[in-house]
Each structure stands twice: as structure tokens, then as C-alpha cells.
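One letter stands for each residue in the lines below.
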Amino acid sequence: MIKVTVWNENRHEQKNPLVREVYPEGIHGAIASFLKEDFEVRTATLDDEAHGLTDEVLNETDVLLWWGHIAHDEVDDAVVEKVKQRVLDGMGLIVLHSGHFSKIFKTLMGTTCDLKWREADEKERLWVIDPSHPIAEGIGECIELEKEEMYGEHFDIPTPVQVIFLSWFEGGEVFRSGCTFKRGKGKIFYFRPGHETYPTYYQKDIQQVIKNGVEWAKPTKLPKPVYGNAKPLEEIKCKNQKIKN
């Protein structure tokens, strides 16, 4: 069974009564509750020891989900480096909503990951623009959300391997809301919806996309590449070799 760790900074839930009302078990609790239907799941938060991402936890994690917003700077750089190395070694990473500004995502992307945003209770349609991709399996032409925070282009990320979802917002903007990347042996999926004051993670299609993302991002069982100086596989015949006395 795929082992999943759901990481959430868990700060809005402590400071904002509206967020506690929407997510009484925390955003991490809400996400973990539906992932437990198919995967082995644990949760971790910012205030846990080592942010809940000890060496033992990371080494036992196949796919890590990341939700953060107001406390990106509080994430220890040493933990970020460990997560980065695990991704390079093959651990999957799913970055959700405002996690686009997390240290780990910006480190792996190598760009600012900046964008436009607006909170105005807008309708959002996430159009499936790559219906052949396994992350879109079981989803129709689009996912409609009654209210969400707007994210708009330009989204300062490297060119994705694939864009699976493109959002349209009631105010007119569009956004690349489902993007995949590869770093080392690891696969990364950025999925935009999930503002803390909206019940987005209770929406069945959103849950299905995240489940599909976990299946897609799980580590592949390929041999570890060999690096460094290599002996020839066959005899090399040197021609026109000049020998200096």
C-alpha cells in the first residue's frame, strides 16, 4: 500500500474561527480522511518535532502532500533540504494551493513561483485540458467550484512537463491549476484549489484528483542510476594516438 504523509502548517486553524469551522480536524485531517480510503496515511504539522518530517517519517513516505500559507518562512531550511533530497531520490510530492510559495516548491522549481491573486468568492471552473493523463481519470470536462480564491497568470514556474487543468475564474482570469514536473527520480504535482475558508477539500472531484495524483506520483521501481567514472563496456581501440617521448 502506498504510504502517504499529509503535511499542513496548521496555523489558520488555530487563529481563524472560520477556518476551524470549515476544517475542525484541520486541513490535514480533512485530506487524510479521504486518502485513508485507499492509502496508508499519516499527518504532520509545522509545530511537530522536526515539523513532523523526521528522517524516519521521510524514509517511510512514498508521497508527501504539502499545504502551507502564512508560515512558509518558519519551515527549517535543513528540513527543506531533506525533503528535496527525498524527492530527488524518488519520493512523490503534491503541492496544494498556497504551497506554491513554500520553500520546498520554490527550491525545486528554481523560480519565484509568484502569481496574481484575489479573494472575492468567485466561481471557478477547472477545465481538463489533458483527459488522457491518469491524474484526470474519472473527471468530466471540468470541475466547478461555487467559491474559490482566484489565482491568475502569469504563474512564474518553469515550463511544466504537462498541464492537466486550466482554471477560469468569474472575474476573467485563467490559471494553470494542475501541473506536473520531474526532479531527479521524483514526480511533482501542483494542484491549485484549496483556499482555507472554503470547503474545497470536501468536493468529491477534488478528492479524486488528489487520489489520482498520489497514484501517479508514487515512486517507480527502477534501478538507481550509476554515476561517476565508468569503465568501458567494450574494448576501446585508440586510432591515430600520438605518443610523446
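Please read all numbers here as calculations on a predicted model, not as lab measurements. Residues take numbers from 1 onward in each chain, read along the sequence in its written order. Predicted model: local features are reported for residues with pLDDT of at least 70 only, side-chain atom pairs are reported and counted for 80 or more only, and whole-chain, interface and lining totals are derived from all residues. For side-chain calculations, the full set of non-hydrogen atoms in the structure is used, while hydrogens and water are omitted.

## Brief notes about helix 7 (residues 204-217)
- For helix 7, built from 14 residues, the straight-helix expectation of 20 Å at 1.5 Å per residue is met to within 8% by its first-to-last C-alpha distance of 20 Å.
- Along helix 7, 10 of the 14 residues are buried, which leaves the element largely enclosed by surrounding structure.
- Relative accessible area decides the class of each residue, using a 1.4 Å probe on protein chains only: under 20% of the type maximum gives buried, over 50% gives exposed, and in between gives partly exposed. Numbered from the N terminus, helices here are DSSP runs of H or I no shorter than four residues, and strands are runs of E no shorter than two. Restricting attention to buried positions, one finds in helix 7 the residues Ile-206, Gln-207, Val-209, Ile-210, Lys-211, Asn-212, Gly-213, Val-214, Trp-216 and Ala-217.
- Here a polar contact is recorded for every N or O atom pair within 3.5 Å, except that within protein the pair must consist of a potential hydrogen donor and a potential acceptor, and residues adjacent in sequence are included only if both atoms are side-chain atoms. The distance from a side-chain oxygen at the start of helix 7 to the backbone nitrogen of Asp-205 is 2.7 Å, and the residue carrying that oxygen is Gln-203. For a helix, the expected span equals 1.5 Å multiplied by the number of residues minus one.

## Description of helix 3 (residues 26-35)
- Of all 10 residues making up helix 3, nine are buried, and the element is well covered by its neighbours.
- Turning to helix 3, its buried residues are Gly-26, Ile-27, His-28, Gly-29, Ala-30, Ile-31, Ala-32, Phe-34 and Leu-35.
- Throughout, a residue-residue contact means that at least one pair of heavy atoms, one from each residue, lies within 4.5 Å. Packed against the buried residues of helix 3 are strand 1 (3-8), helix 1 (12-15), strand 2 (40-45), strand 3 (63-67), strand 4 (92-96) and helix 7.

## Structural notes on the sheet that holds strand 1
- Only when DSSP finds a minimum of two bridges between them are two strands counted as paired. The sheet built from nine strands is open, its strands ordered 2-1-3-4-9-8-7-5-6 with mixed pairing. For this open sheet the edge positions go to strand 2 and strand 6 (142-152), each flanked by a neighbour on one side alone. Averaged over all adjacent pairs, the angle separating strand axes in this sheet is 25°, with direction ignored.
- Against the sheet, helix 3 engages strand 1, strand 2, strand 3 and strand 4, with an angle of about 160° to strand 1. Inter-axis angles, ranging from 0 to 180 degrees, are taken between N-to-C directions of lines fitted to C-alpha atoms, where helices are fitted over the stretch in contact.

## A closer look at the packing of aromatic side chains
- When the centres of two rings from Phe, Tyr and Trp lie within 6.5 Å, Trp using its six-membered ring, the rings pair. Their planes under 30 degrees apart give stacked, over 60 give edge-to-face, and anything left gives tilted. With the rule as written, the count across this model stands at 10 aromatic pairs.
- Ring pairs connect the aromatic residues Phe-105, Tyr-151, Phe-155, Phe-175, Phe-181 and Tyr-190, which therefore count as one cluster.
- Placement of a positive charge over a ring is assigned whenever Lys NZ or Arg CZ falls within 6 Å of the ring centre and within 35 degrees of the normal to the ring plane. Against the face of Phe-101 rests Lys-106, its NZ or CZ located 4.9 Å from the ring centre.

## Some details on the nonpolar core
- Residues Leu-35, Leu-65 and Phe-165 are the most contacted members of the largest nonpolar core, which totals 36 residues.
- Leaving out residues up to four positions away in the same chain, Leu-65 has contacts with Val-4, Thr-5, Val-6, Trp-7, Ile-31, Leu-35, Ile-94, Leu-96, Ile-210 and Val-214.
- Counting 33 residues, the second largest nonpolar core, distinct from the first, contains Ala-44, Trp-66, Met-109 and Tyr-190. Here, the term nonpolar core denotes a set of buried Ala, Val, Leu, Ile, Met, Phe, Trp, Tyr and Cys residues that are joined through side-chain atoms within 4.5 Å.

## What to know about the pattern of salt bridges
- Basic side-chain nitrogens of Lys or Arg form a salt bridge, by our definition, when they fall within 4 Å of a carboxyl oxygen of Asp or Glu. By the definition in use, this model includes 15 salt bridges.
- As a salt-bridge pair, Asp-38 and Lys-211 come within 3.0 Å of each other at their nearest N and O atoms. Of the two residues, Asp-38 sits in the loop between helix 3 and strand 2 while Lys-211 sits in helix 7, which places them 173 residues apart along the sequence.
- Judged by its relative accessible area of 39%, Asp-38 is partly exposed.
- Linking Lys-103 and Asp-77 is a salt bridge whose minimum nitrogen-to-oxygen distance equals 2.7 Å. With Lys-103 in helix 6 (residues 103-109) and Asp-77 in helix 5 (residues 77-89), the pair connects residues that are 26 residues apart, well separated along the chain.
- Each of the salt bridges in this network shares a partner with another, and the network as a whole consists of Arg-11, Asp-47 and Glu-74.

## Re unusual backbone geometry
- With an omega of 15°, the peptide bond between Glu-153 and His-154 qualifies as cis.
- Mapped onto the elements of the fold, His-154 is located in the loop between strand 6 and strand 7 (162-169).
- One non-glycine residue with positive phi stands out, namely Ala-50, at about 55°.
- Summarising the element assignment, Ala-50 is placed in the loop between strand 2 and helix 4 (55-59).

## Let's talk about the side chain of His-97
- Assignment of secondary structure puts His-97 in the loop between strand 4 and helix 6.
- The exposure class assigned to His-97 is buried, which follows from its relative accessible area of 0%.
- From its side chain, His-97 meets the backbone oxygen of Arg-192 in a polar contact 2.7 Å long.
- Look past the residues within four positions of His-97 in its chain and what remains in contact with it is Trp-67, Glu-148, Glu-149, Tyr-151, Tyr-190, Phe-191, Arg-192, Pro-193, Gly-194, His-195 and Tyr-201.

## So, the UniProt feature "domain: ThuA-like" (unreviewed entry) in the protein
- UniProt positions are given in the numbering used here, feature names are shortened, and annotations may be inferred rather than shown by experiment. Residues annotated by UniProt as "domain: ThuA-like" (unreviewed entry) correspond here to residues 3-217.
- Measuring from the first to the last C-alpha atom of residues 3-217 gives 11 Å, for a span that is 27% helix and 33% strand.

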